[in-house]
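# Working through the structure, step by step
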Amino acid sequence: MPLSLRLLLLTVAIFAAPAQASDIVWVWHDSDAPALLDGQELAVLQQHFVFDKAGTHLRQRMKPLHIRPGTRVTPVVHAQVATTEMPQLGKPQAQALLKAVLQAGQKSSSGWVQFDFEVPRQQRTFYLDLVRQMRTQLPAHIKLSVSALASWCFEEEFISQIAADEVVPMLFALGQPASTMHSQFFLHEPRLAKACQQQAIGFARQEAPPLKLQQRYARRYWFSYTRYPAPSPGE
């Protein structure tokens, strides 16, 4: 790419940065909630489904979560498939996940509910149909967010079929030089799917990307590899 064109793209990207941004902190079921700054939100895991040959295993949040009054919370439903002896997903699993997302949506104080599923390639038809059902059956005032592997952002044919209101590419634990992926997302390269050029992105706080990339997106989700500590008395 000619230097002049690259500089032009950089300038456009910088000036396209959103005027207002939301930082949303992912909180897994074994973690306390972090102390939040003004304007920050939480995305809290409510139910964690694991599918294997033996059936469906459900993990739920057991410990109480202390949240400052008025904090906006997005409930999260997470699903994963066993990597060994992978089951074929069908109607029973779809019904369980659909029910969980619809129930989670009723608890939302942010107007969003999130479905987190790094679906295996061979289960993509199941996934696309399920997300479509979720969006159809959720109330219009509740928006559906889904997480996405960064690699999906280079598969336009697949990711463009995800019928969610928001796709959140996860730019952490990339398994390759992070700077290359960061550059592709910052520049919104032509190969990058349109769904990944919208308002949402996911980062890890231990792998914070350059500020200029953070500013490219209006809704920034933050994952942590470590648990947040319990709040001190009086907090």
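The preceding data block contains the structure.
## Quick word on the side chain of Ser224
The residue Ser224 is located in the segment after strand 9 (219-223) in this model. A polar contact of 2.9 Å, which involves the side chain of Ser224, links it to the side chain of Arg205. Here the side chain of Ser224 touches Gln206 through a polar contact of 3.1 Å, side chain to side chain. With near-sequence residues (within four places) excluded, Ser224 lies in contact with Arg205 and Gln206.

## Quick word on the state of the cysteines
Enumeration according to the criterion identifies one disulfide in this entry. Covalently, Cys153 is tied to Cys196 through a disulfide, its sulfur atoms 2.0 Å apart. On the sign convention where negative is left-handed, the bridge of Cys153 and Cys196, at about -85° about the S-S bond, is left-handed. One end of the pair, Cys153, is in the loop between strand 6 (143-149) and helix 4 (156-159); the other, Cys196, is in the loop between helix 5 (178-187) and strand 8 (200-204), with 43 residues separating them in the sequence. Per residue, the accessibility class of Cys153 equals that of Cys196, and both read buried.

## Let's talk about the nonpolar core
Counting residues in hydrophobic clusters, the biggest one holds 48 residues, and the most contacted among them are Leu97, Phe115, Tyr127, Leu144, Ile162 and Phe185. Once residues lying within four places of it in the same chain are set aside, the contact partners of Ile162 are Tyr127, Leu128, Val131, Val146, Trp152 and Val167. Listed in part, the twelve residues of the second largest apolar core include Trp26, Val168, Tyr221 and Phe223.

## A look at the packing of aromatic side chains
Inspection of every chain in the model, using the stated rule, returns 16 aromatic pairs. Ring centres of Phe223 and Tyr225 lie 5.7 Å apart, and the angle between their planes is 80°; this geometry places the pair in the edge-to-face category. One aromatic cluster is present, built from ring pairs that chain together Trp26, Trp28, Phe172, Tyr221, Phe223 and Tyr225. Note that Arg124 overlies the ring of Phe158, its terminal NZ or CZ placed 3.9 Å from the centroid. For the cation-ring pair, Lys212 lies above Phe186, with the distance from its terminal atom to the ring centre recorded as 5.1 Å.

## Considerations on the packing of helix 2 (residues 91-106) against helix 3 (residues 124-137)
Between helix 2 and helix 3, the least distance of the axes is 10 Å, while the angle of their chain directions is 35°. The element helix 2 and its partner helix 3 pack so that their crossing is right-handed. Note on element contacts: helix 3 touches helix 2 through Phe126, Leu130, Gln133, Met134 and Gln137, opposite Gln93, Ala94, Leu97, Leu98, Val101 and Leu102. In terms of residue class, the contact of helix 2 with helix 3 is built from eight nonpolar, three polar and no charged.

## Examining helix 3
The end-to-end C-alpha separation of helix 3 is 20 Å, in line with the 20 Å expected for 14 residues at 1.5 Å each. Those residues of helix 3 lying buried are Arg124, Phe126, Tyr127, Leu128, Leu130, Val131, Met134 and Arg135. Among the structural elements, helix 2, strand 5 (112-117), strand 6 and helix 4 are those in contact with the buried residues of helix 3.

## A word on helix 5
Taken residue by residue, helix 5 has Met181, His182, Gln184, Phe185, Phe186 and Leu187 as its buried positions. Positive backbone phi, at 50°, marks His188, one or two positions downstream of helix 5.

## Things to note about the pattern of salt bridges
In total, this model carries eight salt bridges according to the counting rule given. Where Arg72 meets Glu41, a salt bridge forms, and the shortest distance between an N and an O atom there is 3.1 Å. One end of the pair, Arg72, is in the loop between strand 3 (55-60) and strand 4 (73-81); the other, Glu41, is in strand 2 (residues 41-52), and 31 residues separate them in sequence. Residue Glu41 is classed as buried on the basis of its relative accessible area, which comes to 5%. Where Glu155 meets Arg121, a salt bridge forms, and the shortest distance between an N and an O atom there is 3.3 Å. Pair noted here: Glu155 is in the loop between strand 6 and helix 4 and Arg121 is in the loop between strand 5 and helix 3, with a separation of 34 residues, a long-range link. Here Arg121 falls in the exposed class, since its relative accessible area comes to 55%. A single salt-bridge network, built from bridges that share partners, covers Arg121, Arg124 and Glu155.

Rules used throughout
- Residues numbered from 1 in each chain as written.
- Predicted model: local features only at pLDDT ≥ 70, side-chain atom pairs only at ≥ 80, totals over all residues.
- Heavy atoms only, no water.
- Helix = DSSP H or I, 4+ residues; strand = E, 2+ residues; numbered from the N terminus.
- Polar contact = N/O pair within 3.5 Å; in protein donor to acceptor, adjacent residues only side chain to side chain.
- Contact = heavy atoms within 4.5 Å.
- Disulfide = S-S within 2.5 Å.
- Buried < 20%, exposed > 50% of the residue type's maximum accessible area, 1.4 Å probe, protein only.
- Core = buried A, V, L, I, M, F, W, Y, C linked by side-chain atoms within 4.5 Å.
- Phe/Tyr/Trp six-rings, centres within 6.5 Å; stacked < 30°, edge-to-face > 60°.
- Lys NZ or Arg CZ within 6 Å of the ring centre and 35° of its normal.
- Axes fitted to C-alpha atoms, helices over the stretch in contact; angles between N-to-C directions.
- Left-handed = near helix turned anticlockwise from the far one by under 90°.
- Nonpolar A, V, L, I, M, F, W, Y, C, P; charged D, E, K, R; others polar.
- Expected span 1.5 Å × (residues − 1).
- Salt bridge = Lys/Arg side-chain N within 4 Å of Asp/Glu carboxyl O.

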